[in-house]
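# Coordinate analysis (summary)
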Amino acid sequence: MSTTTQQNDVNFYNCKKGFMSWAYTLDHKRIGIMYLVASCVALFAGGAFALMIRAQLATPGGMLPMTPEYKDTYNMWFTLHGVIMVFLFIIPAIPAAIGNFILPLMVGAKDVAFPRMNLASFYLYVIGASIALYGIVGGETPLTTGWTFYLPYSKETAGAVITMTFAAFVLGFSSIFTGINFIVTIHKLRAPGMSWYKMPLLLWALYATSILQVLATPVLGITLMLLIAERTLQVGIFDPALGGDPVLFQHFFWFYSHPAVYIMILPGMGIISEVISCFSRKVIFGYKAIANSSIAIAVISFLVWGHHMFLSGQSVYAGLVFSFLTFLVAIPSAIKVFNWVATLHRASITFEAPMCYALSFLFLFTIGGLTGLPLATLSTDIVLHDTYYVVAHFHYVMFGGTVIAFFAGLHFYWPKMVGKMYNETVAKIACLIVFIGFNVTFFSQFFLGYTGMPRRYFTYDSSNELWSQMHGFSSIGAFILGFGVLILFSNLLASLFSDRKAPNNPWGATTMDWETQSPPILENFSEDVPVMKKAPYEYD
Amino acid sequence: MSSKVDTSKFIPRFVSHHFSNADQEFDSCKLGMWLFLLTEFMLFGGIFVAYVVFRTWYPETFESGAEKLDWKMGAVNTVILITSSVTMAVAIRDVQLNKKGRALALMLITVLCGMGFLVVKYFEYHHKFELGIFPGGFFSFMGDHMSNEHLYFSIYFMATATHVLHVILGLIAILWVSWRTAKGEFYEAYYTPVEMVGLYWHLVDLIWIFLFPLLYLTK
Ligand code: HEM
Ligand SMILES: [Cu+2]
């Protein structure tokens, strides 16, 4: 016993002290923690804008005076909500925060392959975030283009387009650096004994994510550069007034942004695979199917971007092909869901907080995925495009899927990351409140969209009773949801001040990351070259 | 490679602590570099796609635009860059064979070639600007031209300027490895940075080999 406490005294937090030891750290765990703090700050900033949006739409009259200049204020809110949530929170949150911390532990390595590039990635994130912040409070006219920056509006508006697109450009590099690092780490630094098909599924998911980050992000980079050139040099490539093509911008944008939605969801799916098998005490059902479907998603997701443009005037034949391919990309996601459910079947399930989040993921992600199919169908998308139905769909996948999986991962890995146990009961209560709040907020939006409520409007027809009711519902739900998230984070933070020390393997999980001490020592494992002894998910 | 030292046992001075040996580090860096080159390809890919779209839309405009470029200057630059790729490749070989002096000389020739490229490019740009050939909305060329010819030059300037930026970064990188070579940091058992910079320089060269015919030899 005394040896364990002694061992526990030194960890990667206290082995070096002071601000500089963090600012210059090359340790993947410290970088992961810094990413985690930063992306959670972004989550709260984006969340604040979300609540303002919902407060405005709670009634047809809204909180803002009904004059044109306030319409722009509203446009700014949803734009910043989207930009912050997408570029500053959801893309870095799971890969760069949780992934950075866990991936080297899972492969049994001392660090990622390129620790300096990892730190550079974090600094690029900070620089990108600072530029974005400057774009928001630096005195420029606020950005009102929506996170999609469509032309020609984004060329004509007075808003801070250049600043914000440049911020997204820098953030893109930070994402590319993480992707390169992860691919190389998985290829070259796996522990002896860990063949490809013995890798935990989170690694497969992060691998597929990294492929997308590496191949898709540069296209966003050049697109944003061309947009900046459009505003500064009038290059005209996207500007119809100069003979250019605004639809080309949409093609470029979605060539990145559709794969990007899988950059968002794939790591979440990886976490769910770990959590579900751990709390089912069972080998995951269909290991190879889940692993390969991650790669299938990564490949097919490059071929479906046109489903965001069915109504843009692209050719009907292109539309048909994109529609077909979109149905195809739904298959690997469905394969995963079926395998998770099969894992649960006849398992001895326990309901710890991470499992509660994982189960709510299963429910919400399935709704999100299924509601994507009517959007992928040409005829129904004509009605649903650019309505609240789309808003509801992507929130079910992005919040109900990714963010809930992020919460699952946060609770699952929290003991490893900080060495403390949180209060289990409070965590479950928070999970329930989040689940209820989420559904109240977003299920009502399916009705809104189905009956024709367009997205991105700052008011609506007050004579439409259904709309008033549903918008009211949705706004109440948003505040319940916000409250739940607040409890969730307070509970986690409170654990830092408690004396409930976390054991090395609180959940009895089988992957290598749990063989390290909680929190781990500087170079992770006490052995110099740890060897993988057990296949993942061998629960007995 | 015919190295006499068994690199898997030998841990040279600059291998980072989390790699077990120089081979593992070398393999990792090489894979990382290839991935980075892939991102560069995707980045230029965007410009190439724009090129294809507008060339299909406005075929005559593109021919008329290309005629205003001086293909001889482009050809000279192509020869310069190919030469520099060869000198860089041989320089890497020399580092591996511990021929430090010759490696250094070849790297400096590579740098001179790169600078030569930039000088030629400077004269080309200068000439265009004097004629009022600017990208897009600033296009003010008075002579014969087709409608929408400004789009051709938008693509010309975006593509070549992005490429020039890569040339400059490549030159800085080559100077950096030359300096370290001069200090004697690279030898048969450790030359990873030289090889990586070399790969990057080949990419810069390769992109130009695509740009040259597409932009200058449109007919
Ligand atoms: C079963 C798989 C899915 C299918 C079939 C699907 C289908 C679609 C379609 C066709 C659209 C375009 C709707 C329109 O604008 O009219 C769309 C929008 C969207 N989807 Fe999905 N989707 C799926 C999964 C996901 C996932 C996993 C995410 C994110 C994690 C996601 C995020 C989004 C977002 C953000 C938008 C809207 C973007 C915008 O216009 O601002 N989707 N989806
Ligand atoms: Cu999509």
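Every chain's residues receive numbers from 1 upward, in the order its sequence appears when written. Written order determines the labels here, with chains lettered from A and ligands numbered from 1. pLDDT decides what is reported in this predicted model: residues at 70 or higher carry local features, side-chain atom pairs at 80 or more are listed and counted, and totals for whole chains, interfaces and linings draw on all residues regardless. Hydrogens and water are ignored here; the side-chain numbers use all heavy atoms of the structure.

Test applied: UniProt positions are given in the numbering used here, feature names are shortened, and annotations may be inferred rather than shown by experiment.
The name given to chain B in an unreviewed UniProt entry is Cytochrome c oxidase subunit 3 family protein, with Lentisphaera profundi as the source organism. The UniProt entry for chain B carries this comment under Sequence similarities (unreviewed entry): "Belongs to the cytochrome c oxidase subunit 3 family."

Going by the annotation in an unreviewed UniProt entry, the name recorded for chain A is Cbb3-type cytochrome c oxidase subunit I, with Lentisphaera profundi given as the source organism. Looking at the Sequence similarities (unreviewed entry) heading of the UniProt record, one finds this comment for chain A: "Belongs to the heme-copper respiratory oxidase family." Word for word, the UniProt comment on chain A under Subcellular location (unreviewed entry) is "Membrane".

### With respect to the nonpolar core
Residue and element names in this part refer to chain A. Keep this limit in mind: Nonpolar core, defined: a set of buried Ala, Val, Leu, Ile, Met, Phe, Trp, Tyr and Cys residues in which side-chain atoms within 4.5 Å join the residues together. Relative accessibility under 20% of the residue-type maximum defines a buried residue, over 50% an exposed one, and the middle range a partly exposed one, all with a 1.4 Å probe and only protein chains included. Here a strand is any run of E in DSSP of at least two residues, a helix any run of H or I of at least four, and the numbering for each starts at the N terminus. By definition, residues are in contact when any of their heavy atoms lie within 4.5 Å.
Ranked by size, the top nonpolar core spans 255 residues in total, and within it F87, I237, W340, F406 and F407 carry the most contacts. Counting residues per element, this core draws most heavily on helix 4 (residues 68-107), which supplies 25 residues. Non-local contacts of W340, meaning those with residues more than four positions away in its chain, are made with M269, I272, S273, I276, I284, I290, F361 and L362.

### Quick notes on the packing of aromatic side chains
Test applied: Note on aromatic contacts: the rings of Phe and Tyr and the six-membered ring of Trp form a pair at centre separations within 6.5 Å, being stacked when their planes are under 30 degrees apart, edge-to-face when over 60 apart, and tilted otherwise.
Following the criterion strictly, the structure yields 74 aromatic pairs over all chains and no others. Judged by centre distance (5.3 Å) and plane angle (75°), the rings of F169 of chain A and F173 of chain A are edge-to-face. One end of the pair, F169 of chain A, and the other, F173 of chain A, are both in helix 7 (residues 161-188), 4 residues apart, so they sit about a helical turn from each other. Judged by its relative accessible area of 16%, F169 of chain A falls in the buried class. For F173 of chain A, a relative accessible area of 28% translates into the label partly exposed. Pairing F62 of chain B with Y152 of chain B gives two aromatic rings, centres 5.1 Å apart and planes at 85°, and the pair type is edge-to-face.

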